[in-house]
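Listed here are the chains, written in short residue letters.
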2 protein chains.
Amino acid sequence: MRLAKQTILRLFQYREFLILAKSIGIKNVYSDTLAEALGSSATQVRKDFSLFGITGNKRAGYQLDDLLSQLNELLGKNEKQKVIIAGAGNLAKALMQYEGFKKEGIEIVALFDNDPVKCDPQNDPPILPIEDLYNFVSEKQVELGVIAVPYYVAQQILDLMIVAGIKGVLNFAPIYLKAPKDFFINDMNLRLELETVAYLIKTRTKAGVHKESS
Amino acid sequence: MRLAKQTILRLFQYREFLILAKSIGIKNVYSDTLAEALGSSATQVRKDFSLFGITGNKRAGYQLDDLLSQLNELLGKNEKQKVIIAGAGNLAKALMQYEGFKKEGIEIVALFDNDPVKCDPQNDPPILPIEDLYNFVSEKQVELGVIAVPYYVAQQILDLMIVAGIKGVLNFAPIYLKAPKDFFINDMNLRLELETVAYLIKTRTKAGVHKESS
DNA sequence: GCTATTTTGTGAATATATTCACATTAAAAA
DNA sequence: TTTTTAATGTGAATATATTCACAAAATAGC
Ligand SMILES: NC(=O)c1ccc[n+]([C@@H]2O[C@H](COP(=O)([O-])OP(=O)(O)OC[C@H]3O[C@@H](n4cnc5c(N)ncnc54)[C@H](O)[C@@H]3O)[C@@H](O)[C@H]2O)c1
Ligand SMILES: NC(=O)c1ccc[n+]([C@@H]2O[C@H](COP(=O)([O-])OP(=O)(O)OC[C@H]3O[C@@H](n4cnc5c(N)ncnc54)[C@H](O)[C@@H]3O)[C@@H](O)[C@H]2O)c1
């Protein structure tokens, strides 16, 4: 089965929209509906579903509840997920206070920092010394991590996470990290993404990142 | 000329690496060096350069200073860029305190919020009422924006930005935004990116997001 | 100055992703 | 019931991105 990261991301987006749609009482959707909502194409939507064996009803489209539960199952949203964050700085603070993760079953179980001043074991979630990372992660069997430390320590923190048992990370440090090939790294370089928009504006080229306005 | 967002992103990454390399005294690089540093391939690097008319020296590779200044020119890094942020919440606070933007010539000139408690015109950068956005942006001719408001107001804030003269945004609100086709929207859905890693871990499929470890 | 070697630059080949085109099917209408 | 209509599902076609393969050029060694 294909595993293209972007396809998975789209499936999550479909799910996202369905949750919203459900909340306003919508009962069934068409590939068209989803395409419109995401700025994609109906064929793309059906192709994505087809790829994962998700099937609808000819002429009647997709029953929302049914589709949603298929996506939930497929995307593993029926199980909760624990995550730790390395680095308790500005970005980590924003993530910690963001209620969206918990709502989606992702629980930040701890943060780790090497600055004693930033540590606070009484906080919820606890902010612990980086030395505790190994034991915490291996004991609690956490598999998901976020890297929010400065770039010059990111590789060493990643290595620590790997030996502790972390299986994949979302990395905010602006540097290329090396890891075994079965380890997942999703790089988020916020500054570069902003610079890219700045560049695109300056050179005012035709095709946008988005589709045209409806 | 091609404008693929991902190609541009890679050019910025090359530049990033060059700055780092320069700081440790490196004088010239090869497509190989860059590929290694970014987890890419030498051919990809040369293809990217070729696409933008960047040219090196056969056998001797690329002179670092020269390459860097070509990239700076190409990527518009010789001019400063002003940016505003809509929404002065947790994420905006992290962005505001991040010194990396200024270092790269991106100046956050103001934040805007509809919560009077969050506003603080004395702050540097000033946090202003959302009502001031239009005048501020059109007078100061700001073209770049960041959307850091809740999803349910994101479209209306974007519309406001567009009429004020903003030409492109980095959008953190987890929703698809509609805009004219010459307007650039770069969507950053942090939660979905984290959920995607969580999914990939669970299904432990072969090919990673990154290349194999060196 | 000649030769061997290394690296670039790029057209062609391949791989990947998206869109097209349409047969198939289910529902609605007649 | 039969026909019409509107949607899905998917192989084929196209578009896009990456890698291969190698000629051309510049340096280093002799
Ligand atoms: N804040 C942003 O808006 C932003 C934007 C783009 C990129 N980033 C990147 O995200 C990462 C985090 O950014 P931030 O703004 O939160 O930085 P920050 O400086 O506020 O936080 C970094 C934290 O990491 C901790 N730390 C340093 N070394 C450590 C170590 N060896 N072990 C454990 N903890 C350690 C520090 O004590 C600090 O609390 C950085 O790599 C930064 O470049 C941040
Ligand atoms: N914080 C995170 O880690 C995180 C992670 C993923 C996504 N996001 C997304 O980023 C966006 C911002 O997140 P946040 O955590 O900073 O949220 P937040 O609630 O801390 O901040 C949002 C800010 O927007 C302001 N606001 C609300 N309506 C407004 C309006 N009409 N005009 C101007 N300002 C208005 C609020 O007063 C608040 O200060 C949200 O869409 C969120 O879903 C945030």
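Here the residue numbers are simple positions, counted from 1 along each chain's written sequence. Chain letters and ligand numbers both follow the written order, the letters beginning at A and the numbers at 1. The model is predicted, so local features are restricted to residues of pLDDT at least 70 and side-chain atom pairs to those at 80 or more, both for listing and for counting; the totals for chains, interfaces and linings are taken over all residues. In computing side-chain properties, one takes all heavy atoms of the structure into account and sets aside hydrogens as well as water.

Remarks on the relation of the copies chain A and chain B
Counted only if it meets this: To superpose the copies, least squares is applied to the C-alpha atoms of every residue with a pLDDT of at least 70 in both. Residue contacts are defined here by distance: any two heavy atoms, one from each residue, within 4.5 Å place the two residues in contact.
Turning chain A through 180 degrees and shifting it by 0.0 Å along the axis lays it on chain B, with an RMSD of 0.0 Å. On this basis, the relationship between the two copies can be described by a two-fold rotation axis. With an isologous cut-off of 70% or more, the 100% of interface residues of chain A that recur at the interface of chain B puts this contact in the isologous class.

Comments concerning the sheet that holds strand S7 (residues 168–171) of chain A
Residues and elements named next belong to chain A. Stated formally: Only strands joined by at least two bridges in the DSSP assignment are considered to pair. Secondary structure elements are taken from DSSP: a helix is a run of H or I of four residues or more, a strand is a run of E of two residues or more, and numbering for both begins at the N terminus. Axes, fitted as lines to C-alpha atoms, cover a helix only where it is in contact. Angles between the N-to-C directions of the axes lie from 0 to 180 degrees.
Reading across from one edge, S5-S4-S3-S6-S7-S8 is the order of the six strands in this open sheet, with parallel pairing throughout. Of all strands in the sheet, those with a lone pairing partner are strand S5 (127–129) and strand S8 (184–187), marking the two edges. Geometrically, the sheet is characterised by an average inter-axis angle of 25 degrees between neighbouring strands, direction not taken into account. Inspection of the sheet shows S7 paired to S8 by four bridges, in the parallel sense.

What to know about the sheet that holds strand S3 (residues 81–86) of chain B
Residue and element names in this part refer to chain B. The parallel open sheet is built from six strands, whose spatial order is S5-S4-S3-S6-S7-S8. Every interior strand has two partners, whereas the edge strands, strand S5 (127–129) and strand S8 (184–187), have only one. Strand after strand, the sheet turns through a mean of 25 degrees between neighbouring axes, direction not considered. In this sheet, strand S6 (residues 144–147) lies alongside S3 in parallel orientation, the contact comprising four bridges. Counterpart to Val-83 in the pairing with S6 is Leu-144.

Some words on the site of ligand 1
Selection rule: Proximity is defined per residue: any heavy atom of the residue falling within 4 Å of a molecule or strand makes that residue near it. We call two N or O atoms a polar contact when they sit within 3.5 Å, provided that within protein one can donate a hydrogen and the other can accept it, with sequence-adjacent residues counted only if both atoms are side-chain atoms. A 1.4 Å probe and the Shrake-Rupley method give the accessible areas. Residues count as covered only by the protein chains that appear here. Three categories are distinguished: nonpolar for Ala, Val, Leu, Ile, Met, Phe, Trp, Tyr, Cys and Pro, charged for Asp, Glu, Lys and Arg, and polar for the others, with Gly belonging to the last.
Ligand 1 sits among 23 residues. The nearest are Asn-90, Leu-91, Asp-113, Lys-118 and Val-149 of chain A. Looking at the residues close to ligand 1, they fall on chains A and B. Ala-94 of chain B is positioned with one of its backbone polar atoms (N or O) 3.3 Å from an oxygen atom of ligand 1. A total of 820 Å² of accessible area belongs to ligand 1 in isolation, and the protein chains cover 87% of it. A per-class count over the shell around ligand 1 returns 16 nonpolar, four polar and three charged.

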